[in-house]
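Residues per chain are reported as follows:
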Amino acid sequence: MDNNTNPKMEKSRVLVIGATGSLGHDLVRYSLKYSHPTFALVRDSAFTDPSKQYKLQSLSTAGVTLLKGSLQDEESLIEALKQVDVVICAIPSKQVLEQELLIKVIKEVGCIKRFIPSEFGADPEKTQISDLDYNFYSRRVEIRRLVEAAHIPYTYICCNLFMRYLLPSLVQPGLKTPPRDKVTIFGDGNTKGIFVKDSDVAAFTIAAVDDPCALNKVLYLRPPGNIYSLNELVEIWETKIGKKLEKLYVSEEELLTKIKGFSCSCHLPSIITSYIFAISFQKII
C-alpha cells in the first residue's frame, strides 16, 4: 500500500476520533504527512485540560482542523461526518462500544467512503482466551457485526501487540520495568509474538485509507523484524544487563487460574490486563 503512488489522485479527507491519545496523535501526524486534509473530533473538556491543551495547539498549528464534539453527541457527529470521507476511531479498548452511535450516524449520513473502527490489536475473531477477558475481544466483534450489518465500507487493522504495553516490563504482569533477577516464562517461551510501535501502526493505517485493495478487508501488520518469542526477548535483555535471570515457568493452565483469582468491576485492573496480554502473546496468530 502506498499513498503516494498517484500524486495527482485527490486525497480523502480524514477524521480521527481519539486524536489526543498516543495512537490517535500518530494517526493525525501521518494523515498530514501523506497530505490528507485532516480533522480531529475533540471533546469540549479537552480544550481546558492542561494535559491536552499543548497537544491540541500543536495539532492545530500543524494544520489539523479541530472539531468540537463527542461520540455521545449525535448532532456534532453529523456535522463532523459531513466534512470528511474517511473516519478512523482510536478510542481506548474499554470504550469500543461507544462507537455504536457513530456507526448509526455514518449509515444515516451516507457520505463516508471508509470507516476504520477502534481495534488495533490482535484479531478479535481469532484470539481465544477461554472467555476470561471480560469481553475485551467480544466487544470488538460486536462492533464489526454492527458495521457490516449497516453495509458501511470498512477496513479492520490488526497489528497484534503494542510495544509500549509489553516491552517495558519484558511481558511481566504487574511490572513497569524489566526484571533484573527473576523472570516469568509463559508456557515454554517459544511462541512468537508480533510487537509494533504506534507510529508504524499509524503509517500503515493511513496508507490503507485510499487503497481499494484494503476495502472491506482485515489487514494484518506483521513486520518480520518485530517477531520475537519471550525466550528471545529475555536473552536480549540478559545480554544488555550482562547477567542471567532465574526463569520461573508458568503453564497456560496456571495463568488462567491466576486470572480467575481476580474480580472485575467496570474495567480491568492493570494486572489483569497484563495477564490477558500475556495469554494473547501465547495465542498470537
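In the block above lies the structure referred to throughout.
As a starting point, this report considers the structure included with it. This one's a predicted model, so the numbers in the text were calculated from it and none came from an experiment.

What to know about the pattern of salt bridges
Thinking step 1. If you walk through the whole model with that rule in mind, you get 14 salt bridges.
Thinking step 2. In this structure, Asp 198 and Arg 164 form a salt bridge, with 2.7 Å as the shortest nitrogen-oxygen distance. Taken as a pair, Asp 198 in helix H7 (residues 198-208) and Arg 164 in helix H6 (residues 163-166) lie far apart in primary sequence, 34 residues in all.
Thinking step 3. Of the residues examined, Asp 198 reaches a relative accessible area of 8% and is grouped as buried.
Thinking step 4. Taking the relative accessible area as the measure of exposure, Arg 164 reaches 37% and is therefore partly exposed.
Thinking step 5. With a shortest N-O distance of 2.4 Å, Glu 238 and Lys 247 are connected by a salt bridge.
Thinking step 6. Using a relative accessible area of 6% as the deciding quantity, one classes Glu 238 as buried.
Thinking step 7. Given the relative accessible area of 32%, Lys 247 is considered partly exposed.

What to know about the nonpolar core
Thinking step 1. The biggest cluster of nonpolar side chains holds 34 residues, and the ones touching the most others in it are Leu 27, Ile 88, Phe 120 and Val 201.
Thinking step 2. Elements with a contribution of two residues or more to this core: strand S1 (14-17), helix H1 (22-33), strand S2 (38-42), helix H2 (50-62), strand S4 (86-89), strand S9 (192-196) and H7.
Thinking step 3. Ranked by residue count, the leading element in this core is H7, at 6 residues.
Thinking step 4. Those residues in contact with Val 201 that lie beyond four places of it in its chain are Leu 23, Phe 120, Cys 159, Phe 162, Val 196 and Leu 221.
Thinking step 5. Membership of the second largest hydrophobic core comes to 25 residues, among which are Ile 17, Ile 91, Ile 143 and Ala 150.

Brief notes about the packing of helix H3 (residues 74-81) against helix H4 (residues 100-109)
Thinking step 1. Running from N to C, H3 and H4 point in directions that differ by 50°, and their axes come no closer than 10 Å. With respect to their mutual orientation, H3 and H4 come out oblique. H3 and H4 meet at a crossing whose hand is right-handed. Facing H3, whose interface residues are Glu 74, Leu 77, Ile 78 and Leu 81, H4 presents Leu 101, Leu 102, Lys 104, Val 105, Ile 106, Glu 108 and Val 109.
Thinking step 2. Class assignment for the residues of the contact of H3 with H4 results in 8 nonpolar, no polar and 3 charged.

Conventions we followed
Residues numbered from 1 in each chain as written. Predicted model: local features only at pLDDT ≥ 70, side-chain atom pairs only at ≥ 80, totals over all residues. Heavy atoms only, no water. Salt bridge = Lys/Arg side-chain N within 4 Å of Asp/Glu carboxyl O. Helix = DSSP H or I, 4+ residues; strand = E, 2+ residues; numbered from the N terminus. Buried < 20%, exposed > 50% of the residue type's maximum accessible area, 1.4 Å probe, protein only. Core = buried A, V, L, I, M, F, W, Y, C linked by side-chain atoms within 4.5 Å. Contact = heavy atoms within 4.5 Å. Axes fitted to C-alpha atoms, helices over the stretch in contact; angles between N-to-C directions. Parallel < 35°, antiparallel > 145°, perpendicular 65-115°, else oblique. Left-handed = near helix turned anticlockwise from the far one by under 90°. Nonpolar A, V, L, I, M, F, W, Y, C, P; charged D, E, K, R; others polar.

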